[in-house]
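Structural overview for review
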Amino acid sequence: MLILKNARNVSGEKIDVLIDKGIIQDIRLSGGCKAGGVPSVFKTEGKAIGGTSGFAAGREIDLEGKILMPGIIDLHTHMRDPGLTHKEDFYTGSRACAKGGISFFFDMPNTVPPTVSEAALSEKIQRARKSSIVHCGFHFGASNEDNVEEIEKVIKSGAAVSTKVFLNESTGLMLIRDSELLKRVFKAGGLIFVHSENEMIDTAVELNARYGRGLYICHISSRREMEAVIKAKQNPELNNKDHPIYAEVTPHHLFLTESLRSESPRQDMLLRMKPELKTQSDADFLMQAIKDGFVDTIGTDHAPHTLEEKLSKLCFGIPGVETSLALMLTAAHQGLIDINTVQKLMCENPAAIMGLAKKGKLLAGFDADIIAVDPDKEWTLTACDIESKCKWSPYEGRRFTGKNIMTIVGGKIVYENGRFKIDGQDGTDYGNRF
Ligand code: DOR
Ligand code: ZN
Ligand code: ZN
């Protein structure tokens, strides 16, 4: 049993939270209490069990006014496991997540082998179960060699609920050009996660409206792309209950711009990804779209490559799970975004999109995947802070205001104040929701 005392929620209310058996058992508003006044007392199974110094059955943590949020759910990561584990693996990637406040990540299929068969998916799940210290789920992949039968199998069995489709060239060889094959993939693939740049967004929207059952547009990077998405979202023939459209924006398209690439040849190699960075006015447009309610999620597109790889040849992708929340909290501190919106885009909406009924909200009865953040903590990211196996970040040297200080997964503290509390190699099954 764990009691988190003297915390706040994103609305600023003072709360105490009781956690037991991996579930949030109770949340009490403690706003009425004066300092030194009556402590809040939780009741469970008819017994008063907490709030007083006499409480002994579990750990009580005084959060001294820090903010509790549901753990972040990142629907877009490339953990490189199996096959590319010199870049990242489920152990290092999940530690990076825990440090950054992510309690649940969804992994993309462009691994080696790619996750395009039922067997490859089971193998990946087994690997993740052994070493991930946070929850994880897996997007199945659509292959240009026609794996529609495999897609049908895993979607039918519930082994996956989503399929990633590449409509542009990127890391891995998963681009599909064949329009007949695309139709069948959109029919079979459940919720389609699409890598679509520029005019390919319209293609994805149309395929979804005609054949699909839901479209999640990854990493919208420019004003032009966002305008196309907004237009589609506002059209009830294209975006409706049977064919919903979800919009994702990455932190790097909000907080990095292409002009940074010209600072040095090194930056020009490091700051490359698909879609590429755009201008400040594009980034401003994306932020405005968030404020206007057109964006559903912040997904990191965590796509680590080693420094040697990045500096020796063109590699698309940058790491992101350790910095996404800090970037959003910093933006909240600067008044660019409301912290309630941060919680909505990083926790509530991702849970709802993936059908995670008991996740994404800080409510009694929900799973105890919780983070504590210090919204005023000023810090600078240095290379030695980095948990990801790639050991670099495009944000090294950046000043942040706001930091994750504790990550609780399934009621267990996995990370607290710079320390990992479980080793991830102990055989604990953190599972995969499927
Ligand atoms: O920059 C990217 N990197 N974009 C993608 O679409 C894939 C990703 C990767 O896996 O490296
Ligand atoms: Zn992509
Ligand atoms: Zn990606």
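The rules we used
- All residue numbers refer to position in the chain's written sequence, counted from 1.
- Following the order in which they are written, the chains are lettered starting with A and the ligands numbered starting with 1.
- With the structure being a predicted model, the display of local features is reserved for residues of pLDDT at least 70 and the display and counting of side-chain atom pairs for 80 or more, all residues being used for whole-chain, interface and lining totals.
- To obtain the side-chain values, all non-hydrogen atoms of the structure were used and water was disregarded.
- The helix count covers DSSP runs of H or I at least four residues long, the strand count covers runs of E at least two residues long, and both are numbered beginning at the N terminus.
- A radius of gyration in this sense is built from C-alpha atoms; the matching globule rule multiplies 2.2 Å by the number of residues raised to 0.38.
- Note on exposure labels: buried denotes an accessible area under 20% of the residue type's maximum, exposed denotes more than 50%, and partly exposed covers the range between, all computed with a 1.4 Å probe on protein chains only.
- We call two residues contacting when some pair of their heavy atoms lies within 4.5 Å.
- With residues, only the protein chains shown are counted as cover, and all accessible areas are computed by Shrake-Rupley using a 1.4 Å probe.
- Charged residues are defined narrowly, with Lys and Arg counted positive, Asp and Glu counted negative, and His plus the chain ends left uncounted.
- Here the site of a charge means NZ on Lys, CZ on Arg, CG on Asp, or CD on Glu.
- A fitted line through C-alpha atoms serves as each axis, taken over the contacting stretch for helices, and the angle formed by two N-to-C directions is quoted from 0 to 180°.
- Throughout this description, any angle smaller than 35 degrees is read as roughly parallel, any larger than 145 degrees as roughly antiparallel, any in the 65 to 115 degree range as roughly perpendicular, and the remainder as oblique.
- Helix crossings fall into two classes, left-handed where the near helix is turned counterclockwise from the far one by less than a right angle and right-handed where it is turned clockwise.
- The residue classification treats Ala, Val, Leu, Ile, Met, Phe, Trp, Tyr, Cys and Pro as nonpolar and Asp, Glu, Lys and Arg as charged. All others, Gly included, are polar.
- Think of it like this: strands point away, you trace from the first strand over the helix to the second, and a clockwise trace means the crossover is right-handed.
- Think of it this way: a Phe, Tyr or Trp ring, Trp meaning its six-membered ring, pairs with another when their centres are within 6.5 Å, and the plane angle makes it stacked under 30 degrees, edge-to-face over 60, tilted otherwise.
- Any nitrogen, oxygen or sulfur atom within 2.8 Å of a metal ion counts as a donor, with the limit raised to 3.2 Å for Na, K and Ca, and since water is left out, coordination shells can look unfinished.
- In predicted models, pLDDT denotes the confidence assigned by the predictor to each residue on a 0 to 100 scale.
- For two strands to pair, DSSP has to find at least two bridges joining them.
- Here a helix's expected span is defined as the number of its residues, less one, multiplied by 1.5 Å.

This next bit is on the overall build of the protein chain. Scanning the protein chain from terminus to terminus reveals 12 helices and 20 strands. Computed over its C-alpha atoms, the radius of gyration of the protein chain comes to 21 Å, within 12% of the 22 Å expected for a compact globule of 434 residues. For the protein chain, with 434 residues in total, the buried portion stands at 60%. Of all intrachain contacts in the protein chain linking residues separated by at least 6 positions in sequence, the fraction that spans at least 24 positions is 72%. Accessible surface for the protein chain amounts to roughly 17,300 Å². Of this, 49% is attributable to carbon and sulfur atoms. Counting 54 positive and 58 negative side-chain charges, the protein chain places the averaged centre of each group 3 Å from the other.

It is the contact of helix H5 (residues 200-211) with helix H6 (residues 223-234), at a shortest axis distance of 9 Å, that shows an interaxial angle of 20°. As summarised for this structure, H5 and H6 are arranged roughly parallel, according to the angle between their axes. Here H5 and H6 pass one another in a crossing that is right-handed. From H5, Ile201, Asp202 and Val205 reach across to H6, where they touch Glu225, Ala228, Val229 and Ala232. When the residues that make up the contact of H5 with H6 are grouped by side-chain class, the tally is 5 nonpolar, no polar and 2 charged.

Residue alternation in strand E10 (residues 135-138) divides its side chains into two sets, His135 and Gly137 and Cys136 and Phe138, and both sets are buried. A crossover links strand E9 (residues 102-107) with its parallel partner E10, the connecting element being helix H2 (residues 118-131), and its sense is right-handed.

Attention shifts here to the side chain of Thr330. Along the polypeptide, Thr330 turns up in helix H11 (residues 324-333). Taking relative accessible area as the criterion, Thr330 reaches 8% and is therefore assigned buried. Beyond its immediate chain neighbours, meaning those up to four positions away, Thr330 contacts Arg399, Phe400 and Thr401.

With that settled, consider the environment of Trp379. In this fold, Trp379 is placed in strand E17 (residues 370-380). Taking relative accessible area as the criterion, Trp379 reaches 10% and is therefore assigned buried.

A separate point is the packing of aromatic side chains. This structure, assessed with the given rule, holds 6 aromatic pairs. Each ring, one from Phe193 and one from Tyr216, has its centre 4.0 Å from the other, and the planes form 20°; the classification is stacked. Taken together, the residues span a long stretch of sequence, with Phe193 in strand E13 (residues 191-195) and Tyr216 in strand E14 (residues 215-217) at a distance of 23 residues. Comparing Phe193 with Tyr216 shows no difference in burial state: the two are buried.

Another point: the coordination of the zinc ion (ligand 3). Donor atoms from the polypeptide that coordinate the zinc ion (ligand 3) comprise His76 (NE2), His78 (NE2) and Asp301 (OD), at 2.0 to 2.1 Å from the metal. Counting residues between consecutive donors of the zinc ion (ligand 3) along the chain gives the motif H-x1-H-x222-D. The metal-metal distance between the zinc ion (ligand 3) and the zinc ion (ligand 2) comes to 3.4 Å. Here His78 is found in the loop between strand E8 (72-77) and helix H1 (90-100), whereas its partner Asp301 is found in the loop between strand E16 (297-298) and helix H10 (307-312), with 223 residues between them in sequence. Taken individually, His78 and Asp301 each receive the classification buried, so the pair is uniform in this respect.

Confidence along the protein chain averages 92 in pLDDT terms, with 91% of residues attaining 70 or more. For the stretch residues 43-56, pLDDT sits under 50, and the model shows 28 contacts to residues farther than four places along the chain or on other chains.

If you walk across this open sheet you meet the 3 strands as E8-E9-E10, and the pairing is parallel. The two strands at the open ends of the sheet, each matched to only one other strand, are E8 and E10. Between one strand axis and the next, the sheet turns through 20° on average, direction left out of account. Of the pairings in the sheet, the one linking E8 to E9 comprises 4 bridges and is parallel in character. Along E9, the bridge assignment pairs Ile73 with Phe104. Lying on the sheet, H2 is in contact with E9 and E10; it crosses E10 at an angle near 170°.

In this model, helix H9 (residues 280-291) (12 residues) spans 17 Å end to end at C-alpha, consistent with the 16 Å of a helix rising 1.5 Å per residue. If you check which residues of H9 are buried, you get Asp282, Ala283, Phe285, Leu286, Met287, Ala289 and Ile290. As for H9, its buried residues are in contact with H6, strand E15 (245-249), helix H7 (251-255), E16, H11 and helix H12 (339-353). Two residues or fewer after H9 comes Gly293, characterised by a positive phi angle close to 85°.

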